[in-house]
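# Structural characterization, general
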Amino acid sequence: MESAIALTRFYHPLLTGSYSHHLRSLSLFNSTPIFPKLSSVKYPFATISPARFIVTASSSPLSPSTTVAESQGLEQIKSVPTKPIEGQKTGTSGLRKKVKVFMQENYLANWIQALFNSLPPEDFKNGLLVLGGDGRYFNKEASQIIIKIAAGNGVGKILVGKDGIMSTPAVSAVIRKREANGGFIMSASHNPGGPDYDWGIKFNYSSGQPAPESITDKIYGNTLSISEIKIADIPDVDLSQLGVTKYGNFSVEVVDPVADYLELMENVFDFSLIRSLISRPDFRFTFDAMHAVTGAYAKPIFVDKLGASLESIANGEPLEDFGHGHPDPNLTYAKDLVNILYGENGPDFGAASDGDGDRNMILGRRFFVTPSDSVAIIAANAQDAIPYFQSGPKGLARSMPTSGSLDRVAQKLNLPFYEVPTGWKFFSNLMDAGKLSICGEESFGTGSDHIREKDGIWAVLAWLSILANRNKDKRSGEKLVSVADVVTEHWATYGRNFFSRYDYEECESEGANKMIEYLRDLISKSKAGDKFGSLVGSYVLDFADDFTYTDPVDESVASKQGVRVVFSDGSRIIFRLSGTGSAGATVRIYIEQFELDVSKHDMDAQIALKPLIDLALSVSKLKDFTGREKPTVIT
């Protein structure tokens, strides 16, 4: 059936302020400028050329209601003049700024074009790219910008999640399954969303891993010299309907964002084993999606496949502003979940995931599992509880600031072990080389080589697998092995690494940088045997450095990755500036102390670590440099 398709919602990617709005019933046969009264301002994306479509039933293996829209050909490729914009250097995981920054004229378009200018043509010409995001504010509009610039640069096909939604782990999984050239992830991860908050973009390469620094450095370099944006003059794609839309040699396929990821999870885990636990009347489970992307995954996985009750999913609807919340699964921002687990007659198991689905928090009844302990416990139990690891892990790794709990598991299991800088791309290199199976970061990121990103739901399923395996022979009425039991048994075997992180968010960058420079100067003058702290109970220095990592795979070097102060008893203090914020600087202080004495394992971490915490604040002169009296978040 031939039909002219009216554009019912049009977003002008270069408009800001009051001019960014919806336009109704604008026919695609109208080739006149959309904003004729704004002729004094250049809006080169604001004209739509004629297009005619034939809508037919799909022959591809999509849902029965899927359609394919075919055009008569790809319309004109425009070259839009532009100028460099300052501040487009990517951080630890992509470019993150306030939404209003990205909505400035050409801001996002410049970065996307700079990316294509940085990639070898064979990495995208006529190729397949994946596009997804966490559902936050501005993602739908950004999707259209990315699709049009991709078409303008010769990409063959974009595969995008319905409504622009696809979690970071799912994007990695889809890239790998579909053998795509790479993919865009629209997310500021655990940062708040909404018109006044954060937005972000990053690019993952062909094995599903975050782009290496060699590429992100090129992107930044190209943002400083960019002069044109190549964009296809095509209409917005309807992202609300599954199906394929073709424009000549370019096409966009809107897919179910859950299907490929769910299939992978069923291959990694024994779903029947997990179901046997979740379906027990004496086991209660709750998952908080924090109104973020995993809300789209929670029901299909936990309810439909594993038999959990629908009531066990909290905040399960993805919202553009995350329900006015901060989608960071920690003790501060996931307080509602914490209160439930620590309340009277709380559930046996609780978990949460973040904005884009790559982080996780694990809780038992009145018990918090630190991310450092979590990855160590998963690694220690993986071969017995998770089919994917039935032959045992190939190797283990952690980020430098993460506690040494995992080191001890690797030592006991006689496995290769790696300490890398913060950033999942460092793990990905080891995975691609076949050296690494399980890894984690203290920042609530845990994962394995099933994909090339950390994976929140994977971590939850791993814990459920461990609990299910420990309780598979328990009869109804018998006391179940709990989360607390699993952790305390682990400590009894390996010892406990008391660990805490103090975050000071959105500090003035100048003061934060001066503090780090001060610490670098201090450690350059320190030597083994120096004493820190009071004469009574002082700490003796083993070594201090600014962590440098040489990749064993490609021999690339990452320097200035965090100031480490390591004492003779194994205690550590680490100072680092985070690269995941959108404004100012986040100062992170990590404090760790190992304890082998089982009688002391039940101590509160803040009490056990207080002398080290006081020492860290004193040595760094944090208050003097930043003016901060208290941390924003304590983990």
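Read on for an overview of the structure.

Thresholds applied
- Residues numbered from 1 in each chain as written.
- Predicted model: local features only at pLDDT ≥ 70, side-chain atom pairs only at ≥ 80, totals over all residues.
- Heavy atoms only, no water.
- Helix = DSSP H or I, 4+ residues; strand = E, 2+ residues; numbered from the N terminus.
- Buried < 20%, exposed > 50% of the residue type's maximum accessible area, 1.4 Å probe, protein only.
- Contact = heavy atoms within 4.5 Å.
- Areas by Shrake-Rupley, 256 points an atom, 1.4 Å probe, with all protein chains shown as cover.
- 1 Å grid on protein atoms, 1.4 Å probe; cavity = no way out; pocket = protein on both sides within 12 Å on 5 of 7 lines; lining within 4 Å.
- Points joined across faces, edges and corners; volume = space filled by probe spheres on them.
- Nonpolar A, V, L, I, M, F, W, Y, C, P; charged D, E, K, R; others polar.
- Polar contact = N/O pair within 3.5 Å; in protein donor to acceptor, adjacent residues only side chain to side chain.
- Salt bridge = Lys/Arg side-chain N within 4 Å of Asp/Glu carboxyl O.
- Pairing = 2+ DSSP bridges.
- Axes fitted to C-alpha atoms, helices over the stretch in contact; angles between N-to-C directions.
- Core = buried A, V, L, I, M, F, W, Y, C linked by side-chain atoms within 4.5 Å.
- Domains from an automatic or database assignment.

When helices and strands are tallied, the chain shows 18 helices and 30 strands. Across the 635 residues in the chain, those meeting the buried criterion constitute 58%. A separation threshold of at least 6 residues defines the contact pool for the chain, and within that pool the share at least 24 residues apart is 71%. Per element, the accessible surface of the chain, about 25400 Å² overall, is 49% carbon and sulfur.

Take empty space enclosed by the protein next. Enumeration over the complete set of coordinates arrives at eight cavities of 30 Å³ or more. As a volume, the second largest cavity reaches approximately 120 Å³. Residue lining of the second largest cavity: 13 residues in total, with Ser93, Gly94, Lys202, Ala211 and Thr216 positioned closest to the centre. Contributions of two or more residues to the lining of the second largest cavity are made by strand E9 (198-204) and helix H5 (213-223). Considered class by class, the residues forming the lining of the second largest cavity number five nonpolar, six polar and two charged.

Moving on: the side chain of serine 571. Here serine 571 is to be found in the loop between strand E27 (563-567) and strand E28 (572-578). Side-chain polar atoms of serine 571 contact the side chain of aspartate 569, separated by 2.9 Å. With near-sequence residues (within four places) excluded, serine 571 lies in contact with Tyr539, Val565, Val566, Glu592, Gln593 and Leu612.

Our focus in this paragraph is the pattern of salt bridges. On inspection of all chains with the given rule, the structure shows 40 salt bridges. Where lysine 148 meets aspartate 236, a salt bridge forms, and the shortest distance between an N and an O atom there is 2.6 Å. Placement of the pair is lysine 148 in helix H3 (residues 139-152) and aspartate 236 in the loop between strand E10 (228-232) and strand E11 (243-247), with a sequence separation of 88 residues. Arginine 365 is paired through a salt bridge with aspartate 348; the nearest N and O atoms lie 3.1 Å apart. Of the two residues, arginine 365 is situated in the loop between strand E16 (360-364) and strand E17 (367-369) and aspartate 348 in the loop between helix H9 (335-342) and strand E15 (349-353); the sequence distance between them amounts to 17 residues. With relative accessibility at 40%, the residue arginine 365 sits in the partly exposed group. A network of salt bridges, in which partner residues are shared, links Arg398, Asp407, Glu419, Asp545, Arg564, Arg572 and Glu592.

We now examine the sheet that holds strand E29 (residues 585-595). A sheet is described by the order of its strands in space; here seven strands give the open sequence E23-E24-E27-E28-E29-E22-E30, paired in antiparallel fashion. Each of the sheet's edge strands pairs with one partner strand only, and the pair in question is strand E23 (531-532) and strand E30 (633-634). Of the pairings in the sheet, the one linking E28 to E29 comprises seven bridges and is antiparallel in character. Opposite phenylalanine 575, over in E29, you have isoleucine 589 as the bridge partner. Along the sheet, helix H17 (residues 610-620) contacts strand E22 (496-507), E23, strand E24 (539-546), E27, E28 and E29; its crossing angle with E29, the most-contacted strand, is approximately 140 degrees.

Inspection of the secondary structure puts phenylalanine 367 in strand E17. Each C-alpha atom of the pair phenylalanine 367 and valine 483 lies 7.5 Å from the other, and the pair is 116 residues apart in sequence. Setting aside chain neighbours within four positions, we find phenylalanine 367 in contact with Tyr342, Val483, Ala484, Val487 and Trp491.

For the rest of this paragraph, the subject is the pairing of strand E13 (residues 285-288). With burial as the criterion, each face of E13 is covered, one bearing Phe285 and Phe287 and the other bearing Thr286 and Asp288. Here E13 pairs with E15 via four bridges, running parallel. Paired with threonine 286 across the two strands is glycine 350, which belongs to E15. Examined bridge by bridge, E13 and strand E14 (residues 313-314) share two bridges and lie parallel to one another. Each residue of the ladder has a partner; that of phenylalanine 287, found in E14, is isoleucine 313.

Tracing the backbone shows arginine 452 in the loop between strand E21 (445-448) and helix H13 (456-471). Side-chain polar atoms of arginine 452 contact the backbone oxygen of aspartate 449, separated by 2.8 Å.

Turning next to the nonpolar core. Counting residues in each nonpolar core, the largest one holds 76 residues, and the members touching the most others are Phe269, Ile301, Phe302, Phe349, Leu461, Trp463 and Leu464. When residues in this core are grouped by element, the largest group, 11 residues, is from H13. Both domain 1 (68-256) and domain 2 (262-390 + 457-492) contribute no fewer than three residues apiece to this core. If near-sequence neighbours (up to four positions away) are discounted, phenylalanine 349 is found in contact with Phe283, Arg284, Phe285, Thr286, Leu341, Ile362, Leu363, Val460, Trp463, Leu464, Leu467 and Val483. With 48 residues, the next largest nonpolar core counts Leu95, Leu119, Phe138 and Val160 among its residues.

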